[in-house]
Amino acid sequence: MAVWDDVVGQDRVTAQLAAAARDADALVSAEQAGREPALGEEPPSADPGGASQMTHAWLFTGPPGSGRATVARAFAAALQCVSPDRALGGAPGCGFCDGCHTALIGTHADVEIVRTDLLSIGVKETRDLVRRSSLSPAGGRWQVIVLEDADRLTEGAGNVLLKAVEEPAPRTVWLLCAPSVEDVLPTIRSRCRLLSLRTPPVDAVAEVLVRRDGIEPDAAGRAARATQGHIGRARRLATDERARARRAAVLKLPLRVDDIGGCLKAAQELIDAAGEDAKQVAEEVDTKETEELRAALGAAAGTNGRLPRGTAGAMKELQDKQKRRSTRTQRDSLDLALVDLTGFYRDVLALQMGASVPLANDEVRDSVQRIATASTPERTLRRIEAVIACREALDRNVAPLLAVEAMTVALRAG
C-alpha cells in the first residue's frame, strides 16, 4: 500500500508531492554519490531544463477534515522511503519499507510530529523545534518537522520559527499545516510552498472508512454524509456510540427553543455536554500524567507522600497545562456541536429553496421538514448567522455559556 492511499480526494496535491519526493530522493542520492546539489537545483531525475519540485518548507491548508496532517505525514514518509525499487525507477513512498512504515506510525527518528492539545504553541516549544531542525538526519534521508497546528503558534513563536524556515539546515524540511494562509504569519507563508486541499467527496470518505477501518458500507455512508466529508469526524461518528448520541441531542435543539426557558436550558445542556467531554479526557490522561511526574520527582505512585523540596513548580506547570488542555477540549467539543447545528439549518435551507442536494441529516428529515415549513429562507439564514456568530465569540474568549445563550435566543427569534 503506497503512503498516499489514505489521502482522500486530493489527486492534484498528491501528484505534486510525489514529484517532489522523486526529486528529493534524487538530491540525496546525488549527495551520497559525492556531489552536493542544493534545493532548487535541477536534480538528475528532473526533465532537461526543468527545476526541482522539492523545497525546504511547505504549507498545507484546507478546511477541517480535509486531511492536512494525513497529507503531511504521507509526504514525510515518502521523503524517508528506502525501498530498493527506487533504483529500478520506482517512486518513493512504497508504504512497506522501514522508512515509510516508521514515519507513518510516528516512530521514525528523523520525523518529528508536532501537535498540541492546548490553546497555543509557545516560544519555548518552538525553540526546541528549531534546535531539533538544525541537526543532521540521524539515519534517515531528511530531517522532517511536521507542525500540524501551525495556526496555533503565538506571534512570538512564529517569529522564532521564521529564522529556521528562512535559513534551514541543508537536509531539513518543514511541513506546516493550517486551515488557511491567513492563519500563518505572512513572513512565514511567503517562504513556504503552498498546497491547498479541498473537502473530500462524501463517496471517497465512505470508501476509505470501509477499506481502512472495516466499517459497514451503510454506516460509513451515513457518517460521511452527516459530516459532509470531514474524515476524522466521520470515522468517530461511525465507531463511537457516545458521539452519535451527542450529535442526536444537538439535532433536537432547533425544536426546543420555542420559549426563553427552553433556550436557556438547551444552552446549559450544550455547555454541560462539552464539559463532560473535557472531563472524560482528563480522567484518561491527567491521572496518568500526574502519577508519572510524581514518580519521576521521587514520590511513590498512588500515595499522597510529600514531594521533594523544590519540585512544586514542576507540579504547578503540569496542572496549568492540564487546565489549558481541558479548556481546549471543551471548546473543541462545543464547536463540533455548533458545526452539526449549522448542518441542520443548511438542510432546512436546502428544502426551503428546493435544492436538489442530499440532506446531511437525513435521519432527522421530519424535524428538518417541520422547521422548513414553519419558517422562511431569510429566517434560516439569520439562524445560520447566529451559529457562526457564536463560534466567533468563542474564538474571542467570550464566556461559553453567555455566547451559547445568546445564540439560542437568536435561533428562537429567527
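Reading the values: the criteria
Residues numbered from 1 in each chain as written. Predicted model: local features only at pLDDT ≥ 70, side-chain atom pairs only at ≥ 80, totals over all residues. Heavy atoms only, no water. Pairing = 2+ DSSP bridges. Helix = DSSP H or I, 4+ residues; strand = E, 2+ residues; numbered from the N terminus. Axes fitted to C-alpha atoms, helices over the stretch in contact; angles between N-to-C directions. Contact = heavy atoms within 4.5 Å. Phe/Tyr/Trp six-rings, centres within 6.5 Å; stacked < 30°, edge-to-face > 60°. Buried < 20%, exposed > 50% of the residue type's maximum accessible area, 1.4 Å probe, protein only. Lys NZ or Arg CZ within 6 Å of the ring centre and 35° of its normal. Parallel < 35°, antiparallel > 145°, perpendicular 65-115°, else oblique. Left-handed = near helix turned anticlockwise from the far one by under 90°. Nonpolar A, V, L, I, M, F, W, Y, C, P; charged D, E, K, R; others polar.

A closer look at the sheet that holds strand β2 (residues 111-114)
Read from one edge of the open sheet, five strands run β2-β3-β4-β1-β5, paired in parallel fashion. The open sheet is flanked by β2 and β5 (193-196), the only strands paired with a single partner. Here the strands of the sheet are splayed against their neighbours by 15° on average, with no regard to which way each runs. Here strand β3 (residues 143-147) runs beside strand β4 (residues 172-178); their pairing, made up of five bridges, is parallel. Its bridge partner being in β4, Val 146 is matched across the sheet by Leu 175. Where helix α2 (residues 68-79) meets the sheet, it contacts β1 (57-61), β2, β3 and β4, and its direction lies at approximately 165° from that of β4. Across the face of the sheet, helix α5 (residues 155-166) comes into contact with β1, β3 and β4 while running at roughly 135° to β4.

Focus on the packing of aromatic side chains
On inspection of all chains with the given rule, the structure shows two aromatic pairs. Each ring, one from Trp 58 and one from Phe 75, has its centre 5.1 Å from the other, and the planes form 75°; the classification is edge-to-face. Of this pair, Trp 58 sits in strand β1 while Phe 75 sits in helix α2, placing them 17 residues apart in sequence. By relative accessible area, Trp 58 is classed as buried at 1%. Measuring from centroid to centroid gives 5.5 Å for Phe 344 and Tyr 345, while their planes differ by 85°, and the two rings are edge-to-face. Pair check on accessibility: Phe 344 and Tyr 345 agree, each one buried. Over the ring of Trp 58 we find Arg 193; its NZ or CZ atom is 5.1 Å from the centre of that ring.

Some remarks on the packing of helix α10 (residues 241-251) against helix α12 (residues 312-353)
Orientation of α10 relative to α12, taken along the N-to-C sense of each, is 50°, at an axis distance of 9 Å. On the basis of their axis angle, the class for α10 and α12 is oblique. At the point where α10 passes α12, the crossing takes the right-handed sense. Residue-level contacts link Arg 247, Val 250 and Leu 251 of α10 to Ala 337, Asp 340, Leu 341 and Phe 344 of α12. Each residue belonging to the contact of α10 with α12 can be placed in one class, and the counts come to five nonpolar, no polar and two charged.

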